[in-house]
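# Architecture at a glance
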Amino acid sequence: MEGSQPAADDWWRSAVIYQVYVRSFADGDGDGTGDLSGVRSRLPYLAELGVDALWFTPWYLSPMADGGYDVADYRTIDPAFGTLAEAEKLIAEARESGIRTIVDIVPNHVSDQHAWFRAALAAGPGSPERALFHFRPGRGEHGELPPNDWESEFGGVPWTRVADGEWYLHLFAAEQPDLNWAHPAVRQEHEDILRFWFERGVAGVRIDSAALLAKDPELPDLAGHRGSHPYLDRDELHDIYRGWRAIADEFGGIFVGEVWLPDSERFARYLRPDELHTAFNFTFLTCPWDGERLRRAIDETLAEHAPVKAPATWVLCNHDITRTVTRYGRADTGFAFTSKAFGVPSDLELGTRRARAAALLSLALPGSVYLYQGEELGLPEADVPLDRVQDPMYFRSQGRAPGRDGCRTPLPWAAGEPYAGFGSTGDPWLPLPPDWPLRAADRQAEDPASMLSLYREALRLRRTLAALHTGPLRWLSEGPDLLVFARGENLVCAVNLGDAPVHLPAHTGILLASGPLDGEDRLPGDTAVWLAV
Ligand code: GLC
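Residues numbered from 1 in each chain as written. Predicted model: local features only at pLDDT ≥ 70, side-chain atom pairs only at ≥ 80, totals over all residues. Heavy atoms only, no water.

A few words on the overall build of the chain. Counting its regular elements, the chain contains 15 helices and 20 strands. The principal-axis extent of the C-alpha atoms belonging to the chain is close to 75 × 55 × 45 Å. In the chain, which comprises 533 residues, the share counted as buried stands at 60%. When the 50 positive and 79 negative side-chain charges of the chain are each reduced to one mean point, those points stand 2 Å apart. (Helix = DSSP H or I, 4+ residues; strand = E, 2+ residues; numbered from the N terminus. Buried < 20%, exposed > 50% of the residue type's maximum accessible area, 1.4 Å probe, protein only. Lys, Arg positive; Asp, Glu negative; His and termini not counted. Charge placed at Lys NZ, Arg CZ, Asp CG, Glu CD.)

Have a look at this one:
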């Protein structure tokens, strides 16, 4: 059963990739914001956890109107996080610990403080500077109405009017003007940015909002529109990504696209051999804790990836999504931005049991797995006091949507230290919930039954079991509440999503279980197990 790792250049096909939300990971200089020195000091923790790569959410110069997804300069690290020299050091040190680095590029938009946008504002209507963005006159007698009927991804009107009367498009917040991807300079600049980071030793790039860049030049209304969507999943995108792929290939780098698309055939187009290597699996992420639905999501995922020969990814949460233990403890265990609301009750004990089982499920599926910082600690969604909320999603929804801060609160490292060892000497940028010390990494490291110990053991096993890297998946049982599948010849994963215990499939040994078994070879509800067969 002990086996070799996949070939080095295929590492991404079955990697475990840990998402670092830098601002909340670890505060090295004590100023209340996580930073690169904090990450460097925790590299031993990440190496011990056993992850193959780190994906850093944007660490570039930014006014932080959207947590760094409003980039003012891609070649400068935000001073709150550190310096470029420090990022280079971090990339090199991580690599020495066997961990690769993935950076986050946000091609759809820049910050309104980016030099290009400032120049565009100063230059005025009709200027070449404005051609890099989508500036348009308004509708209505005096141009007082937005140029079309689109809606911002964060809610509200995606247009803002500037002093001279023109409007500019921003699919997200007003501080995030959309770039005009039909302009050759926009393309050239991003290709240079990719090279800049590949030259600094990064192994991959996550592409933010990857299906939104290209726009119908007419920017037509959505109401009554026929044909290709004016800004989602347009065919022009594939040519852009083919150009990017050629650059990545020069460096042996890889891409992971943030592609939210319901149509699996359209989704798979981004994963053709000369385009992106991988894309996040939002079908799996949004799927409720339901045996039949999960099985369907897994089958559909594998079926859509097979023709393009791209590996699937398995993701349970990220910096945008309600944390897993909270979500799985609710009546509705699925995820949709539109149904996010304040005060939805959750049974965290149940949610934790399910999150543990879901961890073993996703780590046993063929492909790469993404972990979001704090997932390995079983952190629930935090209640952020309203006067501390930062997320533009909350403000743009006029306070109806709670926003995403609840999954972005600082990590607890040490139970006995101020701010649970996050490192701040005063109040961190988001408050830590009062029970965070109970969930601190140092406490969990001592406790064999903790979420951290489960993840460490699962990742350790995953590294040594060749079947989990290369073994094909074969379903062994059907039934609404039971998922049982083999990976290769010697390994079986069983997940019981029902309430009643079920008999374990035939096996020669138990490798790992997400919770206690009942002593009679039965698998209790909301529990998963890896079996040697
Ligand atoms: C992506 C990011 C999200 C960000 C948005 C705009 O969806 O994951 O955090 O707000 O893009 O850049």
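Inspection of every chain in the model, using the stated rule, returns 34 aromatic pairs. The interplanar angle of 80° and the centroid separation of 6.1 Å between the aromatic rings of tryptophan 55 and tyrosine 370 together place this pair among those described as edge-to-face. Of this pair, tryptophan 55 sits in strand β2 (residues 53-56) while tyrosine 370 sits in strand β13 (residues 368-372), and the two are 315 residues apart along the sequence. Exposure remark for tryptophan 55: the relative accessible area of 2% places this residue in the buried category. Pairwise contacts between aromatic rings join Trp55, Trp260, Phe280, Phe282, Phe335, Phe337 and Tyr370 into one cluster. Between the NZ or CZ atom of arginine 75 and the centre of the ring of phenylalanine 196, over which it lies, the distance is 5.9 Å. The ring of phenylalanine 135 carries the charged tip of arginine 130 above its face, separated from the ring centre by 4.4 Å. (Phe/Tyr/Trp six-rings, centres within 6.5 Å; stacked < 30°, edge-to-face > 60°. Lys NZ or Arg CZ within 6 Å of the ring centre and 35° of its normal.)

Another point: the layout of surface pockets. In this approach, a probe sized like a water molecule rolls over the atoms, and the result shows the empty space that is left. Put simply, the largest pocket is a space of about 980 Å³. Taken together, 35 residues make up the lining of the largest pocket; nearest its centre are Glu153, Phe154, Phe172, Phe337 and Met393. Here the lining of the largest pocket is built from residues that sort into 15 nonpolar, ten polar and ten charged. Taken domain by domain, the lining of the largest pocket gets at least three of its residues from each of domain 1 (8-107 + 184-456) and domain 2 (115-169). Counted as a void, the second largest pocket has a volume near 580 Å³. Lining the second largest pocket are 31 residues, and of these Arg330, Glu381, Ala382, Asp383 and Val384 lie nearest its centre. Residues that form the lining of the second largest pocket fall into these classes: 16 nonpolar, seven polar and eight charged. (1 Å grid on protein atoms, 1.4 Å probe; cavity = no way out; pocket = protein on both sides within 12 Å on 5 of 7 lines; lining within 4 Å. Points joined across faces, edges and corners; volume = space filled by probe spheres on them. Nonpolar A, V, L, I, M, F, W, Y, C, P; charged D, E, K, R; others polar. Domains from an automatic or database assignment.)

Tyr18, Val51, Trp59, Trp197 and Tyr241 are the most contacted members of the largest nonpolar core, which totals 149 residues. Element by element, the count of residues in this core is highest for helix α11 (residues 348-364), at eight residues. Counting twelve residues, the second largest nonpolar core, distinct from the first, contains Trp167, Phe172, Ala173 and Met393. (Core = buried A, V, L, I, M, F, W, Y, C linked by side-chain atoms within 4.5 Å.)

Attention now moves to the side chain of serine 24. In this fold, serine 24 is placed in the loop between β1 (16-20) and α1 (36-41). Excluding its chain neighbours within four sequence positions, the residues that come into contact with serine 24 are Gly34, Gln373, Arg408, Thr409, Pro410, Leu411, Phe422 and Trp429. (Contact = heavy atoms within 4.5 Å.)

A separate point is empty space enclosed by the protein. Here the structure, examined in full by the defined rule, presents five cavities of 30 Å³ or more. Around the largest cavity, the lining residues are Leu316, Cys317, Arg323, Thr324, Val325, Ala355, Glu375, Gly378, Leu379, Met451 and Tyr455. Mapped onto the lining of the largest cavity, the elements with two or more residues apiece are α10 (324-327) and α14 (451-464).

Let's shift gears to α14. A rise of 1.5 Å per residue sets the reference length of α14, with its 14 residues, at 20 Å; its end C-alpha atoms lie 20 Å apart and thus fit the reference within 8%. Of all 14 residues in α14, ten are buried; the element is thus mostly enclosed. All buried positions along α14 are accounted for by Met451, Leu452, Ser453, Leu454, Tyr455, Arg456, Ala458, Leu459, Leu461 and Arg462. (Expected span 1.5 Å × (residues − 1).)

Let's shift gears to unusual backbone geometry. The backbone phi angle of aspartate 233 is positive, close to 60°, even though this residue is not glycine. Here aspartate 233 is to be found in the loop between β9 (204-207) and α6 (236-251). We note that tyrosine 419 has phi near 50°; this positive angle belongs to a residue other than glycine. Along the chain, the position of tyrosine 419 falls in the loop between α12 (392-396) and α13 (441-446). In this structure tyrosine 419 comes out as partly exposed when scored by relative accessible area, which is 30%.

Limitation: the analysis is restricted to geometry and does not speak to function.
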